[in-house]
Amino acid sequence: MKNLKIIKGLIIILLSITISVSTVYAWINFSVDLPSGNLSVGEIDFTTNGSFIDLSTTFYPGRELIDQAIIVTNESTIDNQIRVMISYTRVEDDIVYENYFYKGELSEHIVVNFNSNFVYGDDNYWYYPDKTSPLNLQTLPILDSLYYDGDLVSNQYANIPIHINIVIQMKQSDYVSWSELVSYNFVTGQPQY
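Residues numbered from 1 in each chain as written. Predicted model: local features only at pLDDT ≥ 70, side-chain atom pairs only at ≥ 80, totals over all residues. Heavy atoms only, no water.

**Student:** Provide a residue-level description of a nonpolar patch on the surface, including the pertinent values.
**Tutor:** Residues Ile 6, Leu 10, Ile 13 and Ile 17 make up a contiguous nonpolar surface patch of about 380 Å² in total accessible area. Tracing the chain through its elements places Ile 17 in helix H1 (residues 2-32). (Patch = residues over 30% accessible without salt bridge, like charges linked within 9 Å, V, L, I, M, F, W, Y side chains within 5 Å. Areas by Shrake-Rupley, 256 points an atom, 1.4 Å probe, with all protein chains shown as cover. Salt bridge = Lys/Arg side-chain N within 4 Å of Asp/Glu carboxyl O. Helix = DSSP H or I, 4+ residues; strand = E, 2+ residues; numbered from the N terminus.)

**Student:** Talk me through the nonpolar core; I want residue IDs and the actual numbers.
**Tutor:** By size, the foremost hydrophobic cluster in this structure holds 36 residues, and its most contacted members are Ile 86, Leu 143, Ile 166 and Ile 168. If you list the elements that add at least two residues to this core, you get strand S1 (46-52), strand S2 (66-74), strand S3 (80-92), strand S5 (110-114), strand S7 (126-128), strand S8 (139-148), strand S9 (162-172) and strand S10 (179-188). With residues near it in sequence (within four places) discarded, Leu 143 still touches Ile 66, Ala 69, Ile 70, Ile 86, Val 112, Asn 113, Phe 114, Asn 115 and Ile 166. (Core = buried A, V, L, I, M, F, W, Y, C linked by side-chain atoms within 4.5 Å. Buried < 20%, exposed > 50% of the residue type's maximum accessible area, 1.4 Å probe, protein only. Contact = heavy atoms within 4.5 Å.)

**Student:** Which residues make up the side chain of Ser 87, and what values do they have?
**Tutor:** Along the chain, Ser 87 falls in strand S3. Here Ser 87 is in contact with Asn 99, Tyr 100, Phe 101, His 163, Ile 164 and Asn 165, once residues within four sequence places are set aside.

**Student:** I'd like a description of unusual backbone geometry, backed by residues and values.
**Tutor:** Of the consecutive residues Tyr 128 and Pro 129, the connecting peptide bond is found in the cis state with omega at -10 degrees. If you trace the backbone, Pro 129 turns up in the loop between S7 and S8. Backbone geometry places Asn 124, a non-glycine residue, at a positive phi of 75 degrees. Considering the arrangement of structural elements, one finds Asn 124 in the loop between strand S6 (119-120) and S7. The backbone of Asn 159 shows a phi angle near 65 degrees, a positive value even though the residue is not glycine. Along the chain, the position of Asn 159 falls in the loop between S8 and S9. On the basis of relative accessible area, Asn 159 is assigned to the partly exposed category, the value being 47%.

**Student:** Can you break down the sheet that holds S5 residue by residue, with the values?
**Tutor:** Read from one edge to the other, the open sheet built from 4 strands follows the order S1-S2-S8-S5, with strand pairing classed as antiparallel. The sheet is open, and its two edges are formed by S1 and S5, each paired on a single side. In this sheet, adjacent strand axes meet at a mean angle of 15 degrees when their direction is disregarded. (Pairing = 2+ DSSP bridges. Axes fitted to C-alpha atoms, helices over the stretch in contact; angles between N-to-C directions.)

**Student:** Would you mind going over the environment of Ser 76 in detail, with residue names and values included?
**Tutor:** Tracing the sequence through the fold places Ser 76 in the loop between S2 and S3. Of the residues examined, Ser 76 reaches a relative accessible area of 17% and is grouped as buried. Distance from Ser 76 to Phe 46, taken between C-alpha atoms, is 6.8 Å for residues 30 residues apart in sequence. Polar side-chain contacts of Ser 76 include one of 2.9 Å to the side chain of Asn 74. At a separation of 3.2 Å, a polar atom in the side chain of Ser 76 contacts the side chain of Asn 80. (Polar contact = N/O pair within 3.5 Å; in protein donor to acceptor, adjacent residues only side chain to side chain.)

**Student:** Residue-level account of the pairing of S8, with values.
**Tutor:** Where S2 and S8 come together, 4 bridges link them in antiparallel fashion. Directly across from Val 72, in S8, lies its bridge partner Leu 140.

**Student:** Please set out the environment of Asn 49 residue by residue, giving values where relevant.
**Tutor:** Within the secondary structure layout, Asn 49 lies in strand S1. Taking the C-alpha atoms as reference points, Asn 49 and Ile 71, 22 residues apart in sequence, are found 5.2 Å from one another. With residues up to four places along the chain from it excluded, the contact list for Asn 49 reads Ala 69, Ile 70, Ile 71 and Tyr 184.

The values reported here are purely geometric and, on their own, carry no functional implication.
Structure representation (structure tokens):
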């Protein structure tokens, strides 16, 4: 009889332990169950270099406006994407377009020489290496030359302030929205009053 009580006690203890372990396992399993996809743990880290010419420099069609090539250094530990938008002042038939987006068309009034293979994405942005792939370089040269095309630009730009804006954005691949990394702005010319 004493042995029967001991056996019953051991069975109750074993059942209690089994139920406790099952409950704890179910709780742990529930807390770490993630939806399908990737979870990146790491850091996004970029540095940028580059500059336009000094604003006191005389501006004329064909004059190079980039003094130091624009370069992005990617020191991130996770996949990320990068894109570039270029807008500029364009004058056509005495109409001034303050923020005309560069699309790489033959009729562009500026000439932009990208250092790497950027692809236009039909949304006013240029993507490297394409619209969906992650950046696969540590050092990415963005552009080393930008100037107004002397064959397409003439006196219609006289006394018009010239604005050029280069915006570089990045994001963690596939997970978050785009964030501005840096914006380069160039303004020259005499405004008409």
